[in-house]
Amino acid sequence: MPTLTETMTSPAAESANPTLHIYDTLTKKKAPLETVTPGKVGIYLCGPTVYAEAHIGHMVGPVIFDCIKRYLTYNGYDVTWVVNITDVDDKLINKANERGITMLEVAEENIADYHRNLAALGVDQIDEFPRATDCMSDIIEFIESLVEQGFAYASEGDVYFDVAKDQEYGKLSNRSVDSMQGEGGGTADRKKSMADFALWKSAKPGEPSWDSPWGKGRPGWHIECSAMSKKILGDTFDIHGGGLDLVFPHHENEIAQSECCHGRPMVKYWAHNGLLRKDSAAGKIGGKSDRGQPEATGEAGGKMSRSAGAGGLQDLIGRQGGERIRFFLLRTHYRSTVLFSEPAIEEAAKGLETFYRLFKRYTRITSGDFYSLTAASKRGKSTTDQQENPALVAAVSHKENFLAAMDDDFNTGGAIAELFELANLTNKFCDEADLEGGGGSNEAKLATLGHLMQTIKELSNVLGLFLQPPADSGGDELLGQVMQLVIDLRAEARAAKNFATADAIRDGIGPTGIVLEDRAGGTEWAGGNEGSLDGVLKMLIELRESSRKNKDFATADAIRDRLADIGVMLEDRAGGTEWSKS
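Quick summary incoming for the structure in this document. (Residues numbered from 1 in each chain as written. Predicted model: local features only at pLDDT ≥ 70, side-chain atom pairs only at ≥ 80, totals over all residues. Heavy atoms only, no water.)

1. A look at the sheet that holds strand β5 (residues 152–155)
Then, in step 1: Strand order in the open sheet made by the four strands is β5-β6-β7-β8, with antiparallel pairing throughout. Of all strands in the sheet, those with a lone pairing partner are β5 and β8 (217–219), marking the two edges. Sheet twist, expressed as the average angle between the axes of neighbouring strands with direction ignored, equals 20°.
Then, in step 2: For strand β7 (residues 197–202) and β8, the ladder comprises three bridges, and the chain directions are antiparallel. From the neighbouring strand, K201 faces β8, where its bridge partner is R218. (Pairing = 2+ DSSP bridges. Helix = DSSP H or I, 4+ residues; strand = E, 2+ residues; numbered from the N terminus. Axes fitted to C-alpha atoms, helices over the stretch in contact; angles between N-to-C directions.)

See below:
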């Protein structure tokens, strides 16, 4: 008799795109995407337990699956993507008691924070956000079915899943029942086996609770996902996502519950993303590696806890910007471990400047706006009827490579590499066609540029990048004024053959994250972040000090006076010069 795993493919399964393959954690193989219902895809991603503000680790899965849904939609699939919200849990109860407010108030506060962070990172493809507290009747009904079929048992107001009744238990994580401890503590004497896990927990005095056939209580951690996915996506759906840390026990227990309840496979493809780790540390960022273990400190096991910096995602977004963080998370394959640090985000973000500068160049040449371009929203065959046009032929090749990368288990890193090739191709075409000079009036050349930019627009839409202009660097008008002063001082120094000063400005700007680009029409600047203004002003203060030492009082005075003209006052103190905004 075949196992449930061996009966995954049904006669109705169909691949809308036979070249698209996905890696399945269960089989440990890549396979063509064949959906339960032809032309449709159901995706379930485990969401947050909303006991505290979101951290960067909470964004990895949503950013990845936002991109996956975009690509599947681009390929013609009708996609339903569900992300659950765990709003009843020991952590929420403890946090509510600590703060002297209700569990609901804790949840609502942190759900709002979670949604703000998703929006900032461009995650807008989620269709449903079911909450555990809104699905209590579905959860209870699910547990009742397991009890009736003999897969679960009640014990002193609790209900446990009997792992001995599931012959395939452990197949996702490749663990034997003997190696599993399950939930111990004060409930161990209520269970038949240490590996059995709770489906329903009897209420403790003062805790939120719901009526059930077994008395007042609340659901265990794992059962809510089985009940919510069944409610929205059905007994069997296409893709279940989550971090690798959820393979055991959470997803192992989901499979057991769902497949024993329904007698059929729960999921066709298990897609687990790699974890976000702090620098080269061994542990993941945020949360717990195992719900049964106490939360570690920032040092223990290399994990980055909230106290060590995992929280405060809003602050990180304020410093770096949502698009930078999204780009950082997508530049590697989703199954890879991502080493997180702000310098790593800033280093990756330098690549974004390649595109921002190209978009500005497009505007200079055409007076058009890249962000207003329309591009194909569905996949079509890459063709060009202008075989004599090398730029268009090369663009088709890069587009095909982009699609091949995404077809190969959603390899966003490889896809982004092809976007860079397209940007380089477009800049090279602009140079060779002299589009910022005499070639800018040639309609055929402008048409080619338009095709190239539309290709970039089409493919970047798939990744959820460049959907709207980036916020003004640093978000401060003063930075723009200071940078114009820097550009003017450098131009004047070069004109006066004062190359030492010009070079000092160029070298001093580098560490601020700002790039100067010399063009025929003048010098432009791009990049920067929240700390750039302070970095540029410190550079000017150091330049003023060195100019005074070299008796170049004209430059020193010009820096002081021109800063004063834009409202920046310099004050010389014994310990050095400080700046303030008047």
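2. Topic: the packing of helix α1 (residues 57–74) against helix α10 (residues 390–407)
Then, in step 1: Direction vectors running N to C along α1 and α10 enclose 120°, while the axes themselves pass 11 Å from each other. Comparing their axes, α10 and α1 come out oblique. Pair α1 / α10 crosses with left-handed handedness. Two secondary-structure elements touch here, α1 through C67, Y71 and Y74 and α10 through K399, L403, M406 and D407.
Then, in step 2: Classifying every residue of the contact of α1 with α10 by side-chain character gives five nonpolar, no polar and two charged. (Parallel < 35°, antiparallel > 145°, perpendicular 65-115°, else oblique. Left-handed = near helix turned anticlockwise from the far one by under 90°. Contact = heavy atoms within 4.5 Å. Nonpolar A, V, L, I, M, F, W, Y, C, P; charged D, E, K, R; others polar.)

3. What about α1?
Then, in step 1: Here α1 spans 27 Å end to end across 18 residues, near enough to the 26 Å set by a 1.5 Å rise per residue.
Then, in step 2: Most of α1 sits inside the fold, with 15 of its 18 residues counted as buried.
Then, in step 3: Of the residues one or two after α1, G76 is the one with positive phi, at around 95°. (Expected span 1.5 Å × (residues − 1). Buried < 20%, exposed > 50% of the residue type's maximum accessible area, 1.4 Å probe, protein only.)

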